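Report on the structure
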Amino acid sequence: MKIAVTTTRESDEILNNKAKVISKDLNIPYIKRENYSIRKTIIEDDFDYLLVVEKDRIVIKNEDSTLFWHPSMAEFKIKSIKQGDNVAIMEATQLEEGDSILDCTLGLAGDALIFSAIVGKSGSVVGTEVNKYIAYLCKCGLENYTDINGESITNIKVINESYEKYLSKQSDNSFDVVYFDPMFKEPNKKSTSINSFRDFARHRGLTREIILEALRVCKKRVVIKERRGFNDLDNLGIGKYYGGKKNGSIIYGVIEKKI
Ligand SMILES: C[S@@+](CC[C@H](N)C(=O)[O-])C[C@H]1O[C@@H](n2cnc3c(N)ncnc32)[C@H](O)[C@@H]1O
């Protein structure tokens, strides 16, 4: 994928310097933004995407899509959990304050934010994300975010690495829970942000070997997010799950660790 970093047209020294830092961090070219549209810059230089440094956020853009970090539905779900509602992701993970969780498929940390709110400051969330652009958007987004109580997020660690590699380096029983949310084969919504996210994300499915590895690394359970009726949980031999009853709705498969 051909991608460069630039700024908005109304840039100043601070934005230009930020873009140059990102250029080094991600090892992509920096383009000084002239008075051209994103479309013209992309077409002239034959880029697939431009990472644009705006005043308060960074956005990955192409001619017809934009991708940026946002807390997604997490804030809504956190409020619901705090009010005592039964939320399937909590029923499945059974996370408690002080617990540790490895979120193998961090993405833009929508689920990790929920875990972070539950395990609290005495707990920890480690997230692995294999794509360097998604991991970068996520890390910068989390660094600049304050939660619904106005507090910074200090218990999520973003690691730009594949879960295969990260899991292989962990000792037995090192996290209470190991969690996977692989890309769905078919997107359930057509939106420009989901389409550009899909362009960057890795789509490979889970294997039995990886689940065995996750079971070795967890203390309590492995949880896998899926869509009902799409069969991966059945194929992986997972029979226990929480969540929606309708075909296509989100479910969470659980494998308890037997000691
Ligand atoms: C469906 S998204 C996860 C969304 C996330 N749970 C959230 O709430 O924002 C799946 C993510 O896992 C990443 N991924 C896929 N395979 C991976 C691997 N082997 N190691 C690490 N990350 C991986 C993809 O790049 C993608 O960003």
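Residues numbered from 1 in each chain as written. Predicted model: local features only at pLDDT ≥ 70, side-chain atom pairs only at ≥ 80, totals over all residues. Heavy atoms only, no water.

Re the pattern of salt bridges
This structure, assessed with the given rule, holds 16 salt bridges. Put simply, Glu54 and Lys61 hold a salt bridge, and the shortest N to O gap is 3.6 Å. Residues Lys121 and Glu151 are paired through a salt bridge, measuring 3.3 Å at the closest nitrogen-oxygen approach. Of this pair, Lys121 sits in the loop between helix 5 (110-119) and strand 6 (124-128) while Glu151 sits in the loop between helix 6 (132-143) and strand 7 (156-159), and the two are 30 residues apart along the sequence. Its relative accessible area of 38% is what places Glu151 among the partly exposed residues. (Salt bridge = Lys/Arg side-chain N within 4 Å of Asp/Glu carboxyl O. Helix = DSSP H or I, 4+ residues; strand = E, 2+ residues; numbered from the N terminus. Buried < 20%, exposed > 50% of the residue type's maximum accessible area, 1.4 Å probe, protein only.)

Digging into helix 6
Turn by turn, an α-helix covers 3.6 residues, leaving residues three or four places apart pointing in a common direction. The terminal C-alpha atoms of helix 6 lie 16 Å apart, and with 12 residues this matches the ideal 16 Å at 1.5 Å per residue to within 8%. In terms of burial, helix 6 is largely enclosed, as 9 of its 12 residues are buried. Looking only at helix 6, the buried set comprises Tyr133, Ile134, Ala135, Tyr136, Leu137, Cys138, Cys140, Gly141 and Leu142. A distance of 2.9 Å separates the backbone nitrogen of Tyr133 from a side-chain oxygen at the start of helix 6, and that oxygen is part of Asn131. (Expected span 1.5 Å × (residues − 1). Polar contact = N/O pair within 3.5 Å; in protein donor to acceptor, adjacent residues only side chain to side chain.)

Some thoughts on helix 1 (residues 13-26)
For helix 1, which comprises 14 residues, the first-to-last C-alpha distance of 20 Å matches the rise-based estimate of 20 Å (1.5 Å per residue) to within 8%. Its buried side turned inward, helix 1 meets strand 1 (3-7), strand 2 (49-53), strand 3 (58-62) and helix 6. You can read the cap of helix 1 off the contacts: a side-chain oxygen lies 3.2 Å from the backbone nitrogen of Ile14, and it is on Asp12. With its phi angle positive at about 60°, Asn27 sits one or two positions after the end of helix 1. (Contact = heavy atoms within 4.5 Å.)

Describing the sheet that holds strand 2
Spatial strand order, 1-2-3-4: 4 strands in an open sheet with mixed pairing. Taken across any chain shown, the strands that pair with only one partner, and hence form the sheet edges, are strand 1 and strand 4 (65-68). Along the sheet, successive strands turn relative to each other by an average axial angle of 25°, direction set aside. Here strand 1 pairs with strand 2 via 5 bridges, running parallel. Bridging from a neighbouring strand, Thr6 pairs with Val52 of strand 2. Against the sheet, helix 6 engages strand 1, strand 2, strand 3 and strand 4, with an angle of about 145° to strand 3. (Pairing = 2+ DSSP bridges. Axes fitted to C-alpha atoms, helices over the stretch in contact; angles between N-to-C directions.)

A short note on the pairing of strand 5 (residues 100-103)
Where burial is concerned, the two faces of strand 5 agree: the one with Ser100 and Leu102 and the one with Ile101 and Asp103 are both buried. Direction of pairing for strand 5 relative to strand 6: parallel, over a ladder of 4 bridges. Directly across from Ile101, in strand 6, lies its bridge partner Val125. Regarding topology, helix 5 serves as the crossover connection from strand 5 to the parallel strand 6, and that connection is right-handed. As defined by bridge partners, strand 5 adjoins strand 8 (residues 175-180) across 3 bridges and the pair is classed as parallel. Note on strand 8: the bridge partner recorded for Asp103 is Tyr179. (Right-handed = clockwise from strand over helix to strand, strands pointing away.)

So, the side chain of Thr93
Mapped onto the elements of the fold, Thr93 is located in helix 4 (residues 88-93). Polar contacts involving the side chain of Thr93 include one to the main-chain carbonyl oxygen of Ile89, which spans 2.8 Å. Other than its neighbours up to four places away in sequence, Thr93 contacts Phe115, Val177, Arg221 and Val223.

Thoughts on the packing of aromatic side chains
Given two aromatic rings, one states the distance between the centres and the angle between the planes to describe the pair. With the rule as written, the count across this model stands at 5 aromatic pairs. Where Tyr133 meets Phe200, the ring centres are 5.6 Å apart and the plane angle is 70°; that geometry is what we call edge-to-face. Taken together, the residues Tyr133 in helix 6 and Phe200 in helix 8 (residues 192-200) connect sequence positions 67 residues apart. Between Tyr163 and Phe180, the aromatic rings sit 5.1 Å apart at their centres with planes inclined by 85°, giving edge-to-face as the arrangement. Taken together, the residues Tyr163 in helix 7 (residues 163-168) and Phe180 in strand 8 connect sequence positions 17 residues apart. Judged by relative accessible area, Phe180 falls into the buried class, the value being 0%. Taken together, Tyr49, Tyr133 and Phe200 form an aromatic cluster joined through their ring pairs. Positioned above the aromatic ring of Phe47 is the side chain of Lys2, whose terminal nitrogen or guanidinium carbon lies 4.7 Å from the ring centre. (Phe/Tyr/Trp six-rings, centres within 6.5 Å; stacked < 30°, edge-to-face > 60°. Lys NZ or Arg CZ within 6 Å of the ring centre and 35° of its normal.)

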